Amino acid sequence: MRRVFVLLAAGGLAMGLFTPAVSAAASTSPRAVVDMSSHGPNACASTLPAKGHFAGIVRAQAVTAACQARTSDAARGHPPLIWHGGPVMGTPSTRPVVVTPIFWQPAGHRMDGKYESIITAYLAGVAHDSGLHTNVFSTLNEYYGSNGTISYQVQLGTPIVDNNRLPADGCTVASSDTANIYADHSGYNACLDDAQIQTETNNVISARNLPVDLGHMYVLFLAKHVESCFFAGSTTTSDNFCTINHQPSAAYCAYHNENTSGSPIYSNMPYPIYASAVGFTCGSDARFPVVQTPNHNADGDTEVSPTSHEIMESITDPDTVSGWYDARGYENGDECAYVFGPTLGKTGQAYNQVINGHHYLTQEEFSNLDFANTGLGCLQSE
């Protein structure tokens, strides 16, 4: 854990020099494949559009010895992060940031109680430790927006168990994806597109009369066996971008949305995939020989890292256009995805965060300040 002592407002100096990429909705995005011939920062990751409606994308990682050997705290994108002139969350007028988890588990898609409890305890711990400089959320303190400076102040909203039934499939599960997706060799039996994810999030918010503003975000956790994609229709072409599958559309592990026209700030958190026959992962086996389980539950322990990623990015870039991201469109979580840094604990139970007395393994988060001082940028705390 490195302390940073020199302030560099690089984002303010470079503001306005970068034009965001075309929205993914325009269907002009590159093919979602792994390019292992590249020697750049994404050689282990699927290729995805960086900006547009879909942002903060946790990209699936190839599980190879070369990828696992990458242990540097260096950022993956093209830092520093640049502020693009808009508002952020966690400012004097918008804090605390209330994070409400929604566990969508309709009939036939029940979640394990341990999975829910680990995620809820993690979010409660992040809230409990607000203001401390002992975890990745402390890096929020160096960023600002048109509505003020961010401070690490998080509150856990009342967790919601959503038993609404799944709609008819918006995207189509390919026959080869009904098996050998998860570590237990099971696969998908349903597929939801982003429009359906948005609809369900809005339904839950409306039914409970919950606030929609820069002080609230909603983290929608999908049940196991539910594939999700950016767009409706086929998952067998490179025109779509989906969770890990056997198709050219295999791409992501999670993402967050834009906040425009009064829409809620939400993230899509598919059930975690690791130790998969597909050869991609959303878990710590991207960097370790096996998935690390400090809380003795591979599903829950895997999901806390992308959860941290999406919350951090929502706070610093809530509309995905006018917040903080670098010249490649990478947000603060993207810069350090699958970068864990030094760990403690037994082999197989490694952790790098102690939050409210509990152990977690999450990716590091990006600091412009540390990047200015060290040329690296990824921190476990500031």
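Worth saying up front: this structure is predicted, and the values here are computed from it rather than measured.

Cut-offs used in this document
Residues numbered from 1 in each chain as written. Predicted model: local features only at pLDDT ≥ 70, side-chain atom pairs only at ≥ 80, totals over all residues. Heavy atoms only, no water. Helix = DSSP H or I, 4+ residues; strand = E, 2+ residues; numbered from the N terminus. Buried < 20%, exposed > 50% of the residue type's maximum accessible area, 1.4 Å probe, protein only. Contact = heavy atoms within 4.5 Å. Areas by Shrake-Rupley, 256 points an atom, 1.4 Å probe, with all protein chains shown as cover. Disulfide = S-S within 2.5 Å. Axes fitted to C-alpha atoms, helices over the stretch in contact; angles between N-to-C directions. Parallel < 35°, antiparallel > 145°, perpendicular 65-115°, else oblique. Left-handed = near helix turned anticlockwise from the far one by under 90°. Nonpolar A, V, L, I, M, F, W, Y, C, P; charged D, E, K, R; others polar. Pairing = 2+ DSSP bridges. Expected span 1.5 Å × (residues − 1). Polar contact = N/O pair within 3.5 Å; in protein donor to acceptor, adjacent residues only side chain to side chain. Core = buried A, V, L, I, M, F, W, Y, C linked by side-chain atoms within 4.5 Å. Phe/Tyr/Trp six-rings, centres within 6.5 Å; stacked < 30°, edge-to-face > 60°. Lys NZ or Arg CZ within 6 Å of the ring centre and 35° of its normal.

On to the overall build of the chain. The helix and strand tally for the chain stands at seven helices and 22 strands. With 382 residues in all, the chain has 59% of them scored as buried. A fraction of 74% describes how many contacts in the chain between residues 6 or more apart in sequence connect residues 24 or more apart. Put simply, the chain shows about 13600 Å² of open surface, and 55% of that area lies on carbon and sulfur atoms.

Here, the word disulfide means a covalent bond between the sulfur atoms of two cysteines. Counted by the stated rule, this structure contains four disulfides. Each disulfide pairs two cysteine sulfurs, and for Cys229 the partner residue is Cys242, the sulfurs being separated by 2.1 Å. Disulfide Cys229-Cys242: the torsion about the S-S bond is 105°, which places it as right-handed. Of this pair, Cys229 sits in strand β12 (residues 226-229) while Cys242 is found in strand β14 (residues 242-243), placing the two residues 13 residues apart along the sequence. Its relative accessible area of 0% is what places Cys229 among the buried residues. With a sulfur-sulfur separation of 2.0 Å, Cys253 is cross-linked through a disulfide to Cys282.

Moving on, we get to the packing of helix α3 (residues 113-128) against helix α5 (residues 298-316). It is the contact of α3 with α5, at a shortest axis distance of 9 Å, that shows an interaxial angle of 40°. With respect to α5, the axis of α3 lies oblique. Viewed along their axes, α3 and α5 form a crossing whose handedness is right-handed. Two secondary-structure elements touch here, α3 through Tyr115, Ile118, Ile119, Tyr122 and Leu123 and α5 through Asp299, Gly300, Asp301, Glu303, Val304, Thr307, Ser308 and Ile311. By residue class, the composition of the contact of α3 with α5 is seven nonpolar, three polar and three charged.

Here strand β10 (residues 190-193) shows two buried faces, one formed by Ala190 and Leu192 and the other by Cys191 and Asp193. Here β10 pairs with β12 via four bridges, running parallel. The residue bridging Leu192 from the neighbouring strand is Ser228, located in β12.

The peptide bond linking Pro79 to Pro80 adopts the cis configuration, its omega dihedral lying at 15°. The residue Pro80 is located in the loop between α2 (65-68) and β3 (82-83) in this model. Unlike most non-glycine residues, His225 shows phi in positive territory, near 80°. Position of His225 relative to the elements: it lies in the loop between β11 (216-221) and β12.

Here helix α4 (residues 194-207) contains 14 residues, and its C-alpha end-to-end distance of 20 Å stays within 8% of the 20 Å for a straight helix at 1.5 Å per residue. Among the residues making up α4, those that are buried are Asp194, Gln196, Ile197, Glu200, Thr201, Val204 and Ile205. Capping the start of α4, Asp193 holds a side-chain oxygen 3.0 Å from the backbone nitrogen of Ala195, two or three residues further along. Once α4 ends, the next one or two residues include Asn209, with phi positive near 55°.

In this fold, Ala250 is placed in strand β15 (residues 250-256). Residues Ala250 and Val278 lie 28 residues apart in sequence; the distance between their C-alpha atoms is 9.3 Å.

Val99, Tyr122, Phe137 and Phe221 are the most contacted members of the largest nonpolar core, which totals 62 residues. Secondary-structure elements contributing two or more residues to this core are β4 (97-104), α3, β11, β15, β16 (265-269) and α5. Sorting elements by how many residues they give to this core places α3 first, with seven residues. Beyond its immediate sequence surroundings of up to four residues, Val99 is in contact with Leu123, Val154, Gln155, Leu156, Gly157, Met217, Val219 and Ile311. Ranked by size, the runner-up nonpolar core spans 20 residues in total, among them Leu222, Val226, Phe231 and Ala251.

Following the sequence through the fold, Asp301 ends up in helix α5. Separated by 60 residues in sequence, Asp301 and Leu361 have C-alpha atoms that sit 7.2 Å apart. If sequence neighbours within four positions are ignored, Asp301 has contacts with Ile118, Gln292, Thr293, Pro294, Asn295, His296 and Leu361. Of note is the side chain of Asp301, whose polar atom sits 2.8 Å from the side chain of Asn295.

Another point: the pairing of β16. Counting buried residues in β16 gives five out of five residues, a clear majority hidden from the surface. Side chains Ile265, Ser267 and Met269 of β16 all project onto a buried face; the interleaved residues Tyr266 and Asn268 project onto the opposite face, where all are buried too. Relative to β16, β11 is paired through five bridges, and the arrangement is parallel. Note on β16: the bridge partner recorded for Leu220 is Asn268. Examined bridge by bridge, β15 and β16 share two bridges and lie antiparallel to one another. Its bridge partner lying in β16, His256 is registered against Ser267.

Let us look at the packing of aromatic side chains. Overall, the coordinates contain 16 aromatic pairs when judged by the stated rule. When the ring of Tyr122 is compared with that of Tyr360, the centres are 5.0 Å apart and the planes differ by 70°; the resulting orientation is edge-to-face. One end of the pair, Tyr122, is in helix α3; the other, Tyr360, is in strand β20 (residues 358-360), with 238 residues separating them in the sequence. In this pair, the class of Tyr122 matches that of Tyr360, namely buried. Seen from their ring centres, Phe230 and Tyr255 are 5.4 Å apart, and the 90° between their planes marks the pair as edge-to-face. Of this pair, Phe230 sits in the loop between β12 and β13 (233-234) while Tyr255 is found in strand β15, placing the two residues 25 residues apart along the sequence. In terms of burial, Phe230 and Tyr255 fall into one category: buried. Above the plane of the ring of Tyr182 lies Lys224, whose end atom (NZ or CZ) is 5.3 Å from the centre.

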